[in-house]
Every structure is written in structure tokens, then in C-alpha cells.
Number of protein chains: 4
Amino acid sequence: MNSFGRLFKLTIFGESHGESVGINIDGCPAGLPLTVDDFLPDIERRKGGTQKGATPRQETDLPIFKSGIFNDTTTGAPITILFENNNTRSTDYAKQRSHPRPGHADFVASKKFGGNEDYRGGGHFSGRLTVAMVAAGVIAKKLLQGIEVKATITEIGGDTDTERGLQKAIEAKDSVGGIVECRVTGLPIGLGEHFFDSVESLLAHAVFAIPAVRGVEFGTGFAAAKMLGKEHNDPIENMEGKTTTNHAGGVVGGYTNGNELVYRIAIKPTSSTPQDQFTLNWETQQMETFAVRGRHDLCIALRVPVVLEAVTAFVLADLMLLEQRIPRVLSTK
Amino acid sequence: MNSFGRLFKLTIFGESHGESVGINIDGCPAGLPLTVDDFLPDIERRKGGTQKGATPRQETDLPIFKSGIFNDTTTGAPITILFENNNTRSTDYAKQRSHPRPGHADFVASKKFGGNEDYRGGGHFSGRLTVAMVAAGVIAKKLLQGIEVKATITEIGGDTDTERGLQKAIEAKDSVGGIVECRVTGLPIGLGEHFFDSVESLLAHAVFAIPAVRGVEFGTGFAAAKMLGKEHNDPIENMEGKTTTNHAGGVVGGYTNGNELVYRIAIKPTSSTPQDQFTLNWETQQMETFAVRGRHDLCIALRVPVVLEAVTAFVLADLMLLEQRIPRVLSTK
Amino acid sequence: MNSFGRLFKLTIFGESHGESVGINIDGCPAGLPLTVDDFLPDIERRKGGTQKGATPRQETDLPIFKSGIFNDTTTGAPITILFENNNTRSTDYAKQRSHPRPGHADFVASKKFGGNEDYRGGGHFSGRLTVAMVAAGVIAKKLLQGIEVKATITEIGGDTDTERGLQKAIEAKDSVGGIVECRVTGLPIGLGEHFFDSVESLLAHAVFAIPAVRGVEFGTGFAAAKMLGKEHNDPIENMEGKTTTNHAGGVVGGYTNGNELVYRIAIKPTSSTPQDQFTLNWETQQMETFAVRGRHDLCIALRVPVVLEAVTAFVLADLMLLEQRIPRVLSTK
Amino acid sequence: MNSFGRLFKLTIFGESHGESVGINIDGCPAGLPLTVDDFLPDIERRKGGTQKGATPRQETDLPIFKSGIFNDTTTGAPITILFENNNTRSTDYAKQRSHPRPGHADFVASKKFGGNEDYRGGGHFSGRLTVAMVAAGVIAKKLLQGIEVKATITEIGGDTDTERGLQKAIEAKDSVGGIVECRVTGLPIGLGEHFFDSVESLLAHAVFAIPAVRGVEFGTGFAAAKMLGKEHNDPIENMEGKTTTNHAGGVVGGYTNGNELVYRIAIKPTSSTPQDQFTLNWETQQMETFAVRGRHDLCIALRVPVVLEAVTAFVLADLMLLEQRIPRVLSTK
């Protein structure tokens, strides 16, 4: 449903144009210093409105601590963080109600929930909830001492010169997709399990909770399907497990192998393109031309790196706890 | 760990060269007819030895029912199925113990489990356990009435003429990767949840439990990252949610949308190539040339389609139960 | 940790003297009408201050919906409900910090969480959080159509004349324990599973989340240990499974059997007695006489019936969903 | 369903008169020495046939390791242990099919599973499966170094002279109930969580998976409901948390407090009394007199102590792993 993780366990909730979005984190170790300031840089990175191609909607997005934090420190009790929705213009969406937007959850959510869903701005099914994931990521990163998680956008619209790729979309007045890559250094050997809790399984599971992700690949990824064994295999060099090459992307047999973790995700072009589109009109039951109103991103991939880092960090924090590499109490008072 | 699923819940166990591998399935509805014969076709498809490029090791692989089946029918109690290991040659592997094979779990498993792991033939970390997944898939497919799950190999070594791709590997005396695609028809609208239990999240999670998978993509997948919104969006045509195109691969906002589910996985070349390789010698702590002995596949991707079908089927069976589209009792006596 | 349930899944959070306490419910069916008014009667029943023997602390305790409800109806997305803490006097507790109260979590929580816990008024470890359970119970009861859940206090201080039992405590100026019994009618046959998810297992699990519970018994309960088989067995009378007697309390082999569900819990006397007590002084490391300040109940059992109903209702709602006896969508729009 | 535990996770399976019963344990640390001999003493204690009042049915009950153990040591992979059913006389039960036995799952299981259940000897719903719990307990006890778990029968038929209580049942030619108490020494402070994963919640949950349990109480238990606060509270004496009295039974606020853990369960008289009883005849749909055939215990409570120890041990092992007090690798090779 809306939870993830075994020992560092998240539950996200809220609606794009409801009162708030938020997150509950159960299992965060006690004794981690935590203030609002810790969240601001990553929340700022996630915000639209400052980059070309990103939506002008801007929430203040100050995290409001409702539980689990006392004297600027985690207590070990479940942490609840809210983000209020101040800057919503739901009337934009009321107008669209009769036209389920292509590529959005509008149509299927209505079928699934019998029309009871909050349809305003995608409701619960909105990229707005990634702010809650980012908040979890901030905490997870603080738990991952000595481990660096870094995601960057490596391609827009098929172009590794991302400026150029974005410019093409702006000119076409259309949304555009991209590739985001995440690299993690400093990981110990042996995180993950072999089958259903492999590192790839858990990261892929979490990554597909980010709206607009259409694929994920580790190390050489899809290119590995074209390779021969001798070129793909990574010779093990030394007793620390360092490999000469890193086609595996740092994961072997489901476990981290101590080399850099490298993986990539494919982001589709935002469904909410400014272009006219065809879709069904629920009232007339006919297809018709339709233009999506509201504030949207041309390239949602631009806002994804900080979300991908967050997702990666909370998966790894959970695995580090499972391996007893993060203690249950980080500092005492 | 080694379990997957919420209402149709699997636990796999066993070692490649131990006594047996097997599976426990908790939550299978009562009243499903089930005999050994139901398993034979898919188990046969998974077996090596009959295809060019597949390992000559052949287990009889008859499923042995240990619980949960009575009078050729599921009882509603947990089902346990064993596959005995009859045809093992562990001495092949004892010799290799000092050389952790590149691309295998040998090195990391030894680090993680303190040398206690069963290292013979990969032990628990072996493709042998996919027979247990196939068994679960057989049961899941029987639960998915009116839904067809079909996987095929679409590319070997980068060549969509798979015969030709395989031939190149045979000539190179090397292992080779491939692409396997799965298509599912007959799905209802609305399986899955929006975030952490999206259809993509659950399928990707399960798929990365298949050894040698390096990537997964839905619908247009990585190609979507190169597209503009207008070309990627799938116009909704009618009140059943049929879309004119299917770039989404049948999943929108984390839910099935009633169109064909289409996704692909990338399989790396088998690590156990017949070619000489470099790796560490644990005793000398030096890298040296090394040749993997034992019976292995040149193209493991050849054996993957039936496993991918199985994985797909048990994920979907679980989601169908969550949506109350499969009853808890299928027939009464 | 702080979650419970499989399909109707709760997470409770908050601290007694922090900003708020609250609950997240994931998996509530869509289409259930729900307004603040639905909560008021049960919240009123739980409140202290109106009964003899109950604490004078009174929160307004209006539920604040933060997610999952739209147009006075559940949407199918996770529901978050907050209760703000307005009426706290934390200074009462700061004074007590040096004396871990006997029978409270003060000492062990400090050991477990390294002194980082919110110690004010018991912090997270406070009966205050039962208001969140009551809120979940209100929703669960609405889901349980045709099923009546009713708990009553049957004994105070060993006296089945509860007025008299309470009067003795008031005269002794001491807190006192009691027995609360819950009866449920209208249940179908076959809720629950045989072993770890037996009806008794799940109810007992949830019941011990209510502070001050020291025991639970079903049907004849502890008295059954004194009986012979012939007197304890309940003859089955008819094809609906009605039994002549109900020593089993409506549960056989872990399943509901269609007869009235009957079970009882034992509530200890509140630890926060007005009487002087002995305990450790953490600073002097000596035992000394100590009087608990703050507002407290003489007989916490008086406030338990509505909490026990809530707990019972959310366990049963979860089981009803597992048996597909509550649909995922209750009404369409 | 049939699983329990978060890090030390059990799944039990099998039927009383099917091929076998067994258990899968996922999450057992690697490097624990384990041989068949380790199991024999506790399996012997559980067996019927050697005590007055216990059933003459005797299985050899040798544990058969199917996975997870290599070179007499746990590998860290899931452990599967089978117990074959050699000594079954199912014809006893076929005759009884038309008469659902009072106090057994016969009637409700048939309703729940549509008549597909294995009804022979209670099938999956049989005390036979406690042998699998005992096996898990043997492993858990080995993990709990320095912790002693000891259960004893303290009362039969209401008599603390258990010999005398049993003798009365033998003379009455009827089955009889009893009380079993478990005490655990050597526990650290702080196992458990405050609400849904309180030590009492988890133990009670697991305990009600033992057939015939009707109640559970901690410390003073139901007697606490009759007490005043001052007499019930346990003064804290020293910095290790030792209390002068132990009415709490070693659990405060859901956590172990470092004192002896003490709790008791009530066992009902076995439903399968040799006495004639009334029950429904499914064919005639009338009540009639009925005598249960087969081999049964007069006092099942006699066989419960080792099962209660097992249940207690695996709950505590799970909590010790959660608190990182048992390492993931116990010894290296």
C-alpha cells in the first residue's frame, strides 16, 4: 500500500490539493540530531520554479514535525512530518474532471475507487508526494555516515547535453523525458539478500514509486544483454573485493560488493504537456481534443535527482539497520 | 529475506547441491485442482539440456507435495513443494572454492555469512532455485483465469534474430546476454497501488529475484526518456479505458489500465563462461587466471521466459487477491 | 513497531505532551461516509473528567483530517487523523524526571532510547495515544455493518458491583484495577487462521497495546483450566454452527464459529497512584519516597471499554477484509 | 497466516495425517552449530505416550534438514525442517467425518475452506504442528545465550498438586485443563516496543497459536485487577532496574525491565474426551450422541511446557535480533 521498509519504515500520505502531504517514519534510531534546517537544501532542490522547464508552482514546503522529535533529536518513537498545501488552485482541475488526462491516473483511479478519489491535481496520485520521500531521504542520509549518495541527470530527450535536450522541448512546447543516474560510494560488502530482498529488488521497488519512472538498470544494465561473458565479468582484484571493472554496478548476487553502486532510471515525458491531446470525454463518451491546464513541468526529470537520492538513501538505511551497521541509539543524553 | 507477496505469499529455500530446493506458498485459495502433471510443462521449459546453449545438467524435477494438497485439490493450508537434487557433482565446485568466481555471489556471500554459506554450485545463491519460482508460477497461472501471461526471448547478444545471436556466442565459446519480454492480456483495470505497491514496483521487485537480471522497463521503457510528451501519451479511446497506443505498457499511475501489460528484462551473460578469466585466489591473495568448471549455460536468457512468466503470474495473483477478484474458496466439496 | 493490521493497517504516533497524537490508516475501503461527528460519541466516552475516578485532564479532542477524506467520504488513499495537544502542563513532569515512576516506562524507555525519549507525561508511552486507537475504532465499526461490538466494565477492585469497587479506591485514595469484557454479535463463521493469525492471537496482540492490560482470556478463559472436557465442550446444535453453550467464547481452532465472541481483559491499577511510593532517584542513585504529581485516573479501567471496542473493531475489520466480506469500494460517485 | 516474526521468521506447514509437518525459518544468523541431536531432548519432552494422561501415539519425530544447514552449521539461508508422519491411522478419522467434533475446528474449517480441508486428525489444524514450533524453539534457545527459558505445569484441573488433578481426570475418564507458567531469566532491559509490538503483544500473539490456550496473563495478571496501585507497583531499587517486587512480571510499558519475565497460560481440557458427547450429524442434520475415537491426551497441558518454552524463545530471539543483541554471524569459518 503506502508503506515501505522493514526496520526504517515509511508511510506516505496526503493529496496534492488537500490539506497536506506527509510522512510517518517508524524505526528511526534514537539520538539523531534533526532540525528543520536539515531539510531545506534537499527540499529546495526538489522545488519547481527555479529551473527552466520546471513548474512555477512553489510551496513554501517547510517541514512541520508532529511527533518523534524532542529537543532537536529523534526520540526513537515514530516521526511524523507534514507539509501543508498553501498554494493550490483547484479550480484548474475541477474543469478537467470530465477529461481523464492521458498518462495520468485519472481514469484508472476513478474506476478503482468508484469515483471517490480526490481528483484535484492528481490527488494522492501526484508528484507532490515526493516531497515526503525527500524528507525521508534527508533523515536516511544523516544515518548513512561515510556513505555518499549522489544522483544527476545524464540525458534529456535523448541528448547527453541536457541543456540542449531541454531547449528542444522548450522549442517544441512539449514535455520531454530524461535519464537520471545514481551513484553511491562507501557501502560495505554484503547489504541485501539473494532473492526477494536483493539490493536491486528493493531499490527497483522503491524507485517505481517515483511517478514517471519507466525503467531501471544496474551497472551496464540493458547494454549487458548485448555483451559476452568475458567482457561483462568484473575480475576481483583484492581481498576487499575491488573489481577491475564495474559492469555489475556494485551489486553481485543481490548483495553490494563494496564497489561503487551505479544505477539509472528512465523518466518519461510529463503527461501534462502544454500540447493539445486527444482523450475521452466522460460525459459525451467520445474522444475529443483537450488541453491540460494548470502549472506543470516540461521536464519532470529535472526534479528527480534529489528524489532518487532520497529513495536510494532510505532503502540503504533500512539495509544497514538489517545488517546491524547502524545502531538503534546513536547518541545518549 | 526469502519471502514475497502479501496474500499469496511465497518463501523459497534450498541449495543447488544440498538435499533439495523448494517453496512454501501461504494464502493459496482452497479448492484449486492441482496435480503433479500441472507442473510438468513449465518445469520442462525451464530445464537445461535440450536447447543449444543451455546446460547439460538435468534434474528429474518432479514436484513433491509435502503439505496443503489433499485429494488433488488445494486445502487452503500452506502448500509446500520440494524438488530433490539428484544429479549433483559437488566435487566440481570444491576445487573452485579458492577462486571466487567473477560475477557470482561467491566472494560477497563468504564475507556476509562468515564462510558458513553452502558454496557448492552457488548454494542458496543459485539459479537452481528458479525451479521453485516456476512451481509457484504454475499455481498462480491456474488462479489467473482468463488472463494470459506469455514471455519470449526477443534478443540474444544484441541480435533480434536470436538464433544468430546465440550462434555468435557458440562460436566465441563465451556466454552471452539477452532480452526477455513478457506480455499479459485479460487484466482488469486497477490492480496495484499508487506508490510503493505500484504494479511496476512489485513486478520489478520480483523480477530482480531472478539471477542475472540487470534491468527492467515497462512499455516504451528507456526509449520513453528520449520522447516528447505528445508522442508518448496514450489517448484514451473509450469507456473501457482502451488506449490508441500503448507506450505505457498497460500501467498508468501504478495501476493496470486494462490494456496489455508489456515489460522487458535485460539478462546479463552468464558469469560462468567457459573462457579463462582473471580473479582473486583467496589463498595466495593474488589475481590469477582461472577457468570455471561445471555444467553451465552459454545463454541463461534461454531458460528465463518461463521464470519470468512465473514471477509475473504470482505478482498478479497476489494483486488479484488484494482486489478481491479471486475468491478465497474456488470450489466446494 | 507502531503498526498493526494487514489490509486495514494502522500506524499510531505522537506524544502525550508533544504537538499532537495521531493515526494513519492505510487500506480503508473507498466510499465510506465519514465526518467529524462520527467520532464525537466514542471520543467523549474515552475522555477523563466526567466520571468519578477519572482524570480531570480534558482535551477538546476534535479529530483533524489531514488526508484520505474528500467530500466527507473516504477516498481509498491513506487516512491521517491528528489530535492536537492543547491542554498540557509539562512542568508537572519535568519535576519528576529524576524519579522514574514505578510501573511506568520511564526507567526502561530511558535505558532503551539512551535518554532521548520525550519523557513528558510518558511521551509516546502514554495512554493519551489511545485516542488514536479510538479514532481507528470509529472507522472500523462503520465498516462492520451488521456486527455489534460492545465492551463493559464488569469488575472494579475485585467487586462486580463496580460502584462499590470504585468507592473503596476513592476512600483508600489509591488507584485500582478492573475487568473489562467485550462481546461481539453478528460475526460470520471462519474469520481468522489456525495458528499465528488466529482470532485470539490477533485480538490478544492488539489488546496488549492498550496500556495497563495484564491479561486476556476468551470464553471461559482461565476457568477452563479447571474444567473437565465434557463440561467445557460446546455441543453443535445446527447447520449454522450454533452451540448449546459458549465456553469457547465464539472461537474454535482459531476461527470465529458464528456464536457470540466473548473475551475479557484484566486492567492493573494505574501506576500513578496519589499515594507515596518508593522509587529510585537517578541523581542520588538511592531509593526514596516519592509522590507522583500530575492529573491521573484512579481507575483507568473506566476509560478502557471504548478503547477495547476500538481494538476489537479494527482487528475484526482487518479479518473481514481478508475474507473478502467487506468490499474495497463501498459506494460509487 | 502461518508465519510469525520479523527478523527470525517462521512459517509452519503440514497436516496431522498428511505426508509431513515442518517449518521454515528465515533469518537465522549464520554460524550456529546445529545437529539432529540438539533437537532430541525437547522433541522427547513434547511426545505423548510416556506420561500418564498423554496420548499413546508416538512419532519417531526425527528432524530432517532440507535446507539452510551445511557442515552442521547454519548458513544464513532459510532453514527447512521436516517431520515425517509415519504413525497415522486415518481410518479412525474417516469414520468421524460426519460428526464435527465439539471444540475442534472440524465444523468451522469445513465452512471456511468449502470442504476442501484435510480433515484427517484435524489436518492442518492439529496439535501435531507444535512439533514444528518446538524445532524452532530449539534453534531460538541456542541463539539466546545467557538467557534461560523454563516452563512448568503449575495446575491441573484446578489443583496445584498436579498429580492429584490428573488422577481425578483419569478417574472421571474425561479430559482436563491446566495452567502452564513460563519464567525467563537473563533478559536485557528494553526488548519490545510500546504499543503493537509490546513484549506482551508478541508473546500473547504467539501463545494463542498453541492449540487449546484460552488465556494468558503476565506477572500478577488477572489478580492485578483486584489490587490497589500501591500494592501492585514495583519499587525500582537500583540503577540496573531491579524491582523489590515483580507484580509486573518483568514487563513495563511493553518493554522488558530486566527482572524475571513471568507469565502463565490457561489450557482448556482436550476436546477429544473419551466421554460420549452431543454434536451435529452433518448427514442427518440432527444432534446425536457421539464418541470420539482415535488416540488422544487426557491432559494436553502436560505436553505444553516445552511448546510454551519454544514459543517464548522464538519471540525473544526475534526481539534480541531487532535490538541488535544477537549478531547476524555467530562464528566464521
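First things first, this report covers the structure right here in the doc. All values reported here derive from a predicted model rather than from experimental measurement.

Rules behind the numbers
- Residues numbered from 1 in each chain as written.
- Chains lettered and ligands numbered in written order.
- Predicted model: local features only at pLDDT ≥ 70, side-chain atom pairs only at ≥ 80, totals over all residues.
- Heavy atoms only, no water.
- Least-squares fit on C-alpha atoms with pLDDT ≥ 70 in both.
- Contact = heavy atoms within 4.5 Å.
- Buried area = accessible area lost by both parts, 1.4 Å probe.
- Salt bridge = Lys/Arg side-chain N within 4 Å of Asp/Glu carboxyl O.
- Nonpolar A, V, L, I, M, F, W, Y, C, P; charged D, E, K, R; others polar.
- Helix = DSSP H or I, 4+ residues; strand = E, 2+ residues; numbered from the N terminus.
- Buried < 20%, exposed > 50% of the residue type's maximum accessible area, 1.4 Å probe, protein only.
- Pairing = 2+ DSSP bridges.
- Disulfide = S-S within 2.5 Å.
- Phe/Tyr/Trp six-rings, centres within 6.5 Å; stacked < 30°, edge-to-face > 60°.
- Polar contact = N/O pair within 3.5 Å; in protein donor to acceptor, adjacent residues only side chain to side chain.

### Some details on the relation of the copies chain D and chain C
Mapping one chain copy onto the other needs a rotation about an axis and a shift along that axis.
Phase 1: Each copy of the sequence occupies a distinct position, and chain D is placed on chain C by a rotation of 180° and an axial shift of 0.0 Å, giving an RMSD of 0.0 Å. The operation mapping one copy onto its partner corresponds to a two-fold rotation axis.
Phase 2: Both copies present the same face, since 100% of the interface residues in chain D are matched by interface residues at the equivalent positions in chain C.

### What about the interface of chain B and chain A?
Phase 1: With 107 residues of chain B at the interface, the matching set in chain A holds 107 residues.
Phase 2: Each partner contributes to the roughly 8,100 Å² buried at the junction of chain B and chain A, and carbon and sulfur atoms together form 65% of this total.
Phase 3: Interface area lost by chain B to chain A is led by Phe195, Phe196 and Arg214 of chain B, which between them contribute 12%.
Phase 4: Where lysine 226 of chain B meets glutamate 155 of chain A, a salt bridge forms, and the shortest distance between an N and an O atom there is 3.1 Å.
Phase 5: The residue inventory of the side of chain B that touches chain A, partitioned by class, reads 51 nonpolar, 36 polar and 20 charged.

### What to know about the environment of leucine 280 of chain A
Phase 1: Structurally, the position occupied by leucine 280 of chain A is in strand β14 (residues 277–281).
Phase 2: When the C-alpha positions of leucine 280 of chain A and valine 262 of chain A are compared, they lie 41 Å apart, and in sequence the two are 18 residues distant.
Phase 3: Once you skip the residues sitting within four places of it in the chain, leucine 280 of chain A turns out to touch Ser98, His99, Pro100, Phe107, Gln285, Gln286 and Met287 of chain A together with Ile236, Glu237, Asn238 and Met239 of chain B.

### A few points about the relation of the copies chain B and chain A
Phase 1: The operation relating chain B to chain A is a screw motion whose rotation component is 180°, with 0.0 Å of axial translation and a residual RMSD of 0.0 Å.
Phase 2: A shared interface surface links the copies, since 99% of the contact residues of chain B are contact residues in chain A too.

### Quick look at the pairing of strand β2 (residues 9–14) of chain D
Residues and elements named next belong to chain D.
Phase 1: Within β2, six of the six residues are buried, which leaves the element mostly enclosed by the surrounding structure.
Phase 2: Both faces of β2 are covered, namely the face carrying Lys9, Thr11 and Phe13 and the face carrying Leu10, Ile12 and Gly14.
Phase 3: Between the end of strand β1 (residues 3–4) and the start of β2, which pair antiparallel, lie four residues, with glycine 5 showing a positive phi angle near 105°.
Phase 4: Summarising the sheet, β2 and strand β3 (residues 20–26) pair through six bridges and their orientation is antiparallel. Bridged to lysine 9 within β3 is aspartate 26.
Phase 5: Counting the residues between successive antiparallel strands, the hairpin from β2 to β3 contains five residues.

### Notes on the pattern of salt bridges
Phase 1: What the rule picks out here adds up to 108 salt bridges over all chains.
Phase 2: A salt bridge links arginine 328 of chain D to glutamate 323 of chain A, with the shortest nitrogen-to-oxygen separation between them at 3.7 Å. With arginine 328 of chain D in the segment after α8 (304–322) and glutamate 323 of chain A in the segment after α8 (304–322), the pair connects residues from two separate chains. Taken as a pair, arginine 328 of chain D and glutamate 323 of chain A share a single burial class, namely buried.
Phase 3: With a shortest N-O distance of 3.9 Å, arginine 46 of chain D and aspartate 61 of chain D are connected by a salt bridge. Taken as a pair, arginine 46 of chain D in helix α1 (residues 36–46) and aspartate 61 of chain D in the loop between α1 and β4 (64–67) lie far apart in primary sequence, 15 residues in all.
Phase 4: Residue classification places arginine 46 of chain D among the buried residues on the basis of a relative accessible area of 4%.
Phase 5: Taken together, the shared-partner salt bridges connect Asp42, Arg45, Lys141, Lys150 and Glu309 of chain A into one network.

### Observations concerning the state of the cysteines
Phase 1: Inspection of every chain in the model, using the stated rule, returns zero disulfides over all chains.
Phase 2: With no disulfide of its own, cysteine 182 of chain B has cysteine 299 of chain B as its nearest cysteine by sulfur position, at a separation of 17 Å.
Phase 3: Residue classification places cysteine 182 of chain B among the buried positions, given a relative accessible area of 0%.
Phase 4: Cysteine cysteine 28 of chain C remains unbridged, with the sulfur of cysteine 182 of chain C as its closest cysteine sulfur at 20 Å.
Phase 5: According to the relative accessible area criterion, cysteine 28 of chain C is buried, its value standing at 3%.

### Section: the packing of aromatic side chains
Phase 1: Taken as a whole, this structure holds 46 aromatic pairs over all chains when the rule is applied.
Phase 2: An aromatic cluster is present here, built from Phe4 and Phe314 of chain A together with Phe196 of chain B joined pairwise through their rings.

### Some remarks on the side chain of aspartate 106 of chain C
All names here are of chain C.
Phase 1: Structurally, the position occupied by aspartate 106 is in helix α3 (residues 106–113).
Phase 2: At 2.7 Å, the side chain of aspartate 106 forms a polar contact with the side chain of arginine 101.
Phase 3: If near-sequence neighbours (up to four positions away) are discounted, aspartate 106 is found in contact with His99, Pro100, Arg101, Glu117 and Trp282.

### Section: the interface of chain D and chain C
Phase 1: On the side of chain C, 107 residues touch chain D, which itself brings 106 residues to the contact.
Phase 2: Around 8,100 Å² of area is buried between chain D and chain C when both sides are counted, 65% of it from carbon and sulfur atoms.
Phase 3: It is Phe195, Phe196 and Arg214 of chain D in chain D that bury the most area against chain C; as a group they hold 12% of the surface buried on that side.
Phase 4: Counting across the chain D and chain C interface gives eight salt bridges.
Phase 5: Close ionic contact of lysine 112 of chain D with glutamate 193 of chain C constitutes a salt bridge, the shortest N to O distance being 3.7 Å.
Phase 6: It is strand β10 (residues 213–218) of chain D that contributes the most residues to the side of chain D that touches chain C, six residues altogether.
Phase 7: In the side of chain D that touches chain C, the residues fall into 50 nonpolar, 36 polar and 20 charged.
Phase 8: Direction of pairing for strand β10 (residues 213–218) of chain C relative to β10 of chain D: antiparallel, over a ladder of three bridges. If you follow glutamate 217 of chain C over to β10 of chain D, its bridge partner there is glycine 215 of chain D.

Interpretation in functional terms is not warranted from these geometric data alone.
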